[in-house]
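# Residue-level structure breakdown
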Amino acid sequence: MQKLIRVTTVPISLGGLLQGQSKFMSQYFEVLGISSRGGDMLGNVSDKEGIKVVPVEMTRKITPFQDLKALYKLYKIFKKEKPDIVHSHTPKAGTLSMIAARLAGVPHRLHTIAGLPLLEATGAKRKLLDIVEKLTYSCATMIYPNSYGLKDIVLQNKYTKLNKLKVIGKGSSNGIDTSYFNPQKYSKENNQNLRKQLKIDESDLLFIYVGRFVKDKGMNELIHAFKKIAEQYQNVKLLLVGVHENDLDPLLKETDHEIETNPNIVSVGWQDDVRPFFAIADVLTFPSYREGFPNVVMQAGAMGLPSIVTDINGCNEIIDHSVNGIIIPPKDQKLLYDNMKLLIEDKTLLSKLSENSRSVITKRYERNFIWDELLKEYRALLQGGILNKE
């Protein structure tokens, strides 16, 4: 059986963002997973996905000594295992594993791009990250942006050539299990009980945000827009699902203060299962500055929620404006406020967007479709050909 190695920086990506994919591929390949240990998390991925795993400690920051150590470990693993394919996800894992795989002579070196954090960097840091990005792509044999917009950005920045780029299916790294993200799994009684537990009235219109509490996700704009909304309307609340990342991309102090003190903002922290919270919400607000192909927007849509998103790659492919959500420019607090206000006041529009939301996701991004398309790509590469480009 041919050998496939999947590499991510942290195990939550290997077992969460790519949930089920390694298990599916293990029907056709001998699959080995590599990621940082993350306490017991990597072992849990092994159990759930049914694959062998090897820990290699990697960081998400620029840490030259640790990076060289991880690079050498990856090289040794690849030389020993002799995989037919190494497929990496996430920026640091991509850079290290693509260099190591090239040095080890791995024939098919694949990297999926699910977002470009460097797009918000400036000055010397941006120049350094641009160099690293080009190095990653030069060592890979194929690059898979997980959205068409991201593919365009890669070409505009001249990170690599068109013949190395391909979007799998209609976008997304892993698709979505629409049988799992299904609002029918949650009864009216379940939803009423959770709302009561969180002190959210049945009559409240509930906006929800799911993700990291960081500047790049547009949380400063969201919290300040909602502050105005809460001052103007009585039966409106904002539900926050996620945690702060103060070491990487902290929020403004006034934003943190508002989250802590505004009685209409309910923060529930990290949740392993976000479905119950989508089930009680009415609208996803996701004003991110940059994305690859956001799972959160697909998950919300599958749960029947319309979304207010920014006009960035990924978001503007999942959401069709005025069909299953609303698209606004990034970093525009006023338009975010205006459109939150619009959905509070225009119940007919909100109902229309809600009705369309799930069907758009089930038609385009069902998980099994994405897995099958990726398997076709692997087989085509191993047989010496490449499936038709877009």
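Shown above is the structure to which this text applies.
Structural notes, computed from the coordinates. The structure displayed is predicted, hence computed values, not measured ones.

Cut-off values and rules
Every chain begins its residue count from 1, and numbering advances along the sequence as written. Confidence filtering applies because this is a predicted model: local features only for residues at pLDDT of at least 70, side-chain atom pairs given and counted only at 80 or more, and all residues used for totals across whole chains, interfaces and linings. Here the side-chain values reflect all heavy atoms present in the structure, with hydrogen atoms and water set aside. The buried label applies to any residue whose accessible area, calculated with a 1.4 Å probe on protein chains only, is under 20% of its type's maximum; exposed applies above 50%, and partly exposed to all values in between. Only runs of H or I of at least four residues qualify as helices and only runs of E of at least two qualify as strands under DSSP, and these elements are numbered from the N terminus. The reported arc concerns the directions from the helix axis to the C-beta atoms and nothing else. Two residues qualify as a contact provided that any one of their heavy atoms is within 4.5 Å of a heavy atom in the partner residue. When DSSP finds two or more bridges between a pair of strands, those strands are recorded as paired. Angles run from 0 to 180 degrees between N-to-C directions of axes, and those axes are lines fitted to C-alpha atoms, restricted for helices to the stretch in contact. Here, the term right-handed applies to a crossover whose path from the first strand over the helix to the second runs clockwise when the strands point away from the viewer.

### Regarding helix α3 (residues 41-49)
For α3, every residue scored as buried is listed here: Leu42, Val45, Ser46 and Glu49. Down the axis, α3 shows its buried residues gathered within 100° of arc, on one side only. In α3, the exposed positions angled more than 90 degrees off the buried face are occupied by Asp47 and Lys48. On its buried side, α3 packs onto α1 (11-17), α2 (21-25), β2 (30-35) and β3 (52-55). In the stretch just after α3, Gly50 is the one whose phi turns positive, near 70°.

### Quick look at the sheet that holds strand β7 (residues 205-210)
The 6 strands are arranged β9-β8-β7-β10-β11-β12 in an open sheet whose pairing can be described as parallel. The open sheet has two free edges, formed respectively by β9 (265-267) and β12 (325-328), since each of these has just one partner strand. Sheet twist, expressed as the average angle between the axes of neighbouring strands with direction ignored, equals 25°. In terms of strand pairing, strand β11 (residues 307-310) meets β12 through 4 bridges, oriented parallel. Considered in β12, the bridge of Val309 is made with Ile327. Packing against the sheet, helix α9 (residues 219-232) makes contact with β7, β8 (236-241), β9 and β10 (283-286), and its axis sits at approximately 160° to β8. Where helix α12 (residues 295-302) meets the sheet, its contacts fall on β7, β10 and β11, and the angle it forms with β10 comes to roughly 170°.

### Description of the pairing of β7
Moving residue by residue along a regular strand, the side chains alternate between the two faces of the sheet. Within β7, 6 of the 6 residues are buried, leaving the element largely enclosed by the surrounding structure. Alternating residues of β7 divide into Leu205, Phe207 and Tyr209 and Leu206, Ile208 and Val210, and every residue in both groups is buried. Note on the crossover from β7 through α9 to β8: the handedness is right-handed. Bridge count between β7 and β10: 2 bridges; the pairing is parallel. Residue pairing for β10: Phe207 is matched across the bridge by Val283.

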